[in-house]
Amino acid sequence: MDVVRTPEERFAALPDFPYPPTYVTFDGGDGTMLRVAVVDTGPADGEVVLLLHGEPSWSFLWRRVVPELTAAGLRVVAPDLVGFGRSDKPTDPAVYSYAAHVEWMRQTLFEGLGLVDVTLVGQDWGGLIGLRLVAEHPDRFARVVVANTGLPTGDAPMSEAFLAWQRFATTAPAFDVGRIVSNGTVTGLPPEVVAAYDAPFPDEASKAGARVFPALVPTAPDDPAAAANRAAWEVLARWDRPFLTAFSDGDPITGGGDRVFQRVVPGARGVPHTTLRGGGHFLQEDVGPELGRVVAAFVAATPRP
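Here goes a summary of the coordinates provided. (Residues numbered from 1 in each chain as written. Predicted model: local features only at pLDDT ≥ 70, side-chain atom pairs only at ≥ 80, totals over all residues. Heavy atoms only, no water.)

Here we come to the pairing of strand E2 (residues 22-27). Here E2 runs beside strand E3 (residues 33-41); their pairing, made up of 6 bridges, is antiparallel. If you follow Val24 over to E3, its bridge partner there is Val36. Linking E2 back to E3 in an antiparallel pair, the connection comprises 5 residues, with Gly29 at a positive phi of about 125 degrees. (Pairing = 2+ DSSP bridges. Helix = DSSP H or I, 4+ residues; strand = E, 2+ residues; numbered from the N terminus.)

Right, here's the structure in full:
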């Protein structure tokens, strides 16, 4: 596969994000070596909180969450998905699939970093990928927090708003990542933060993964990822480890999805689910410190298995 790597100088002036990346390198599946960037900060002996971002953001999205977690004595691991942030970016959209993203994160987190007793915090595609990892490697995880995400199987119709977003991502002449993220917040973003979201994507070739991501969401029962997601729901329906929903109140894409998890997942019973007021789809930007405190309190209140 053809791969591009964003020049380091593009990340030279990131506001409030003083975290140097570490890198995990592995065979991407055809002999091409892929390099994934990971923020790994906080006490090395702290419980691991895995922060998985979605579309079209990168680990920078978590910068207002991380300080709350590290202050609580937690080790924070926040990778950039392949195609995003400081990770390598295949330029052929056909290289990307839901299954590939799950496998790339498996290799990064388990084979590369050897993570165990993980608390997953997944938002947007971070939940779609992270929940598959939970279902396929349940012994690696101690807890789950889902925030503005889901696990679609294609068996229920998607909203017209989402289908329009799918069409836009693949056909729009311009795909301005920073503006897209800003439009998904309640508060709006200052220019330097918008620029930080644009930083990983210096040209159109580097946006292949970002553009194709919405098309990988299962929207029909025969989608290539539908069966695997149904199997994941079967595991989640037996998952009795702590499972918390922390959705925002202002996300038109995932609003109401928290109730499905609360109803289906045994580990969600008796847990203090929360709705974070004043947050849009990218709640990390709008209510990041609040989300961080919710996660830290959840870890403290639920000892690992």
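The step from Glu55 to Pro56 runs through a cis peptide bond, and the omega angle for that step is -10 degrees. Topologically, Pro56 is positioned in the loop between strand E4 (48-52) and helix H1 (66-71). Of note in the backbone geometry, Asp16 takes a positive phi value of approximately 60 degrees without being a glycine. Secondary-structure assignment places Asp16 in the loop between strand E1 (3-4) and E2. Residue classification places Asp16 among the exposed residues on the basis of a relative accessible area of 64%. For Asp117, which is not glycine, the phi dihedral falls at a positive 50 degrees. The class of Asp117 is partly exposed, set by a relative accessible area of 25%. (Buried < 20%, exposed > 50% of the residue type's maximum accessible area, 1.4 Å probe, protein only.)

For the pair helix H3 (residues 125-136) and helix H8 (residues 226-236), the least separation of the axes is 9 Å and the interaxial angle reads 60 degrees. Crossing hand, H3 versus H8: left-handed. Across from Leu131, Arg132, Val134 and Ala135 in H3, the residues of H8 making contact are Ala228, Asn229, Ala232, Val235 and Leu236. Tallied by class, the residues present in the contact of H3 with H8 amount to 7 nonpolar, 1 polar and 1 charged. (Axes fitted to C-alpha atoms, helices over the stretch in contact; angles between N-to-C directions. Left-handed = near helix turned anticlockwise from the far one by under 90°. Contact = heavy atoms within 4.5 Å. Nonpolar A, V, L, I, M, F, W, Y, C, P; charged D, E, K, R; others polar.)

A few words on the packing of aromatic side chains. Under the counting rule described, the total for this entry stands at 17 aromatic pairs. Judged by centre distance (5.3 Å) and plane angle (85 degrees), the rings of Phe17 and Tyr19 are edge-to-face. Accessibility classification places Phe17 together with Tyr19 in one group, the buried group. Consider the rings of Phe17 and Phe60, whose centres lie 5.5 Å apart with planes at 70 degrees: the pair is edge-to-face. In this pair, Phe17 is assigned in the loop between E1 and E2 and Phe60 in the loop between E4 and H1, connecting sequence segments 43 residues apart. Residue Phe17 shares its accessibility class with Phe60, and that shared class is buried. Through successive ring pairs, a cluster of aromatic residues spans Phe11, Phe17, Tyr19, Trp58, Phe60 and Tyr197. The residue whose ring lies beneath Arg132 is Tyr98, and the NZ or CZ to ring-centre distance is 4.8 Å. (Phe/Tyr/Trp six-rings, centres within 6.5 Å; stacked < 30°, edge-to-face > 60°. Lys NZ or Arg CZ within 6 Å of the ring centre and 35° of its normal.)

Here we come to the pattern of salt bridges. Counted under the stated rule, the structure contains 12 salt bridges. Of the charged contacts, one joins Arg106 and Glu111 as a salt bridge, the two residues approaching to 2.7 Å between their closest N and O atoms. Note on Glu111: relative accessible area 52%, which makes it exposed. Taken together, the salt bridges that share partners define one network made up of Glu103, Arg106 and Glu111. (Salt bridge = Lys/Arg side-chain N within 4 Å of Asp/Glu carboxyl O.)

What follows deals with the pairing of strand E7 (residues 118-123). Here E7 lies mainly inside the structure; 6 of its 6 residues are buried. Across the two faces of E7 the burial is the same, with Val118, Leu120 and Gly122 and Thr119, Val121 and Gln123 all buried. Alignment of E4 against E7, held across 5 bridges, turns out to be parallel. Bridge pairing in E7 places Leu50 opposite Leu120. Direction of pairing for E7 relative to strand E8 (residues 141-147): parallel, over a ladder of 6 bridges. Paired with Thr119 across the two strands is Arg143, which belongs to E8.

Interpretation in functional terms is not warranted from these geometric data alone.
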